Amino acid sequence: MGIFLGGTVAANKLDDYEEGTWTPNIIYGGTITVNNKYGSYVKIGNLVYTSVYVTITSVSSPINDLRIGSLPFTPDTSFSASPAFSMSYYNWSSGTYFLNGELNYGNNTIYIWNNNNGVRSSSASKVQANSQFHLTGSYIST
């Protein structure tokens, strides 16, 4: 069963569509208290579009990388370029320039980077009490 798009050959067949929610795992160093974490996704074939929303209520000595784990589908590691994810954020510390997410195939997580004039650095130290962020993007799954 499926829907054929632009012909009747197998390559034009849409036979996999799914949408749902998932709970992202927020990974960090130090102590960060996460109040809300919500994820949603739409999977069409092997393309996964995902959205994440997180609020952080308290922070104590955050270090290292801030990452999002437990993706709803395993990324396909045969691609050489890591997909980038767009972010909007609120109430991060000064020195937060441009945040973005980047998929790391090695551990199936999305790293959140702080970018300043082409130099990327860890973002966990930029989180403070009452920070929040939205992240959206897509990747190819196995």
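Cut-off values and rules
- Residues numbered from 1 in each chain as written.
- Predicted model: local features only at pLDDT ≥ 70, side-chain atom pairs only at ≥ 80, totals over all residues.
- Heavy atoms only, no water.
- Pairing = 2+ DSSP bridges.
- Helix = DSSP H or I, 4+ residues; strand = E, 2+ residues; numbered from the N terminus.
- Core = buried A, V, L, I, M, F, W, Y, C linked by side-chain atoms within 4.5 Å.
- Buried < 20%, exposed > 50% of the residue type's maximum accessible area, 1.4 Å probe, protein only.
- Contact = heavy atoms within 4.5 Å.
- Patch = residues over 30% accessible without salt bridge, like charges linked within 9 Å, V, L, I, M, F, W, Y side chains within 5 Å.
- Areas by Shrake-Rupley, 256 points an atom, 1.4 Å probe, with all protein chains shown as cover.
- Salt bridge = Lys/Arg side-chain N within 4 Å of Asp/Glu carboxyl O.
- Phe/Tyr/Trp six-rings, centres within 6.5 Å; stacked < 30°, edge-to-face > 60°.

A. Structural detail: the pairing of strand β3 (residues 17–22). The pairing of β3 with strand β4 (residues 25–44) spans six bridges and is antiparallel. Bridge pairing links Glu19 to Val42 in β4.

B. Expanded view of the nonpolar core. Within the largest apolar cluster, 25 residues are counted, with the highest numbers of intra-cluster contacts made by Leu66, Ile68, Phe133 and Leu135. Put simply, the parts of the chain that give this core at least two residues each are β4, β5 (47–69), β6 (84–90), β7 (98–104), β8 (109–116) and β10 (131–140). Sort the elements by how many residues they give to this core and β5 lands first, with six residues. Those residues in contact with Leu66 that lie beyond four places of it in its chain are Ile26, Ile27, Tyr28, Trp92, Ile110, Tyr111, Ile112, Ser123, Ala124, Val127 and Phe133.

C. Examining a nonpolar patch on the surface more closely. Where nonpolar side chains cluster on the molecular surface, the patch consists of Tyr89, Tyr97 and Phe98 and spans about 330 Å² of accessible area. On the secondary structure map, Phe98 appears in strand β7.

D. Geometry of unusual backbone geometry. Backbone geometry at Asn64 places phi at a positive 65 degrees, although glycine is not the residue there. Tracing the chain through its elements places Asn64 in strand β5. For Ser70, which is not glycine, the phi dihedral falls at a positive 65 degrees. When you line up the elements, Ser70 lands in the loop between β5 and β6. Overall, the relative accessible area of 44% leaves Ser70 in the partly exposed class.

E. Representation of the packing of aromatic side chains in the model. According to the stated counting rule, one finds four aromatic pairs in the structure shown. Between Tyr41 and Phe73, the ring centres sit 5.1 Å apart and the planes meet at 85 degrees, which makes this aromatic pair edge-to-face. Within this pair, whereas Tyr41 is found in strand β4, its partner Phe73 is found in the loop between β5 and β6, the two being separated by 32 residues in sequence. With respect to burial, Tyr41 and Phe73 carry one shared label: buried. Relative to Phe133, the ring of Trp92 lies with its centre 6.1 Å away and its plane at 65 degrees, an arrangement referred to as edge-to-face.

F. Structural context of the pattern of salt bridges. What the rule picks out here adds up to two salt bridges. Between Glu102 and Arg120 there is a salt bridge, and its shortest N-O distance comes to 2.8 Å. Of this pair, Glu102 sits in strand β7 while Arg120 is found in strand β9 (residues 119–122), placing the two residues 18 residues apart along the sequence. Classification of Arg120 as partly exposed rests on a relative accessible area of 42%.

G. How the structure looks around the pairing of β10. Residues Ser131, Phe133, Leu135, Gly137 and Tyr139 point to one face of β10 and are all buried, whereas Gln132, His134, Thr136, Ser138 and Ile140, pointing to the other face, are not buried. Where β5 lies against β10, ten bridges are found, and the strand directions are antiparallel. Paired with Ile56 across the bridge in β10 is Ser131. In the sheet, β6 pairs with β10 via five bridges, with the strands oriented antiparallel. When the bridges of β10 are listed, Tyr89 appears paired with Phe133.

Nothing here speaks to function; it is all geometry.
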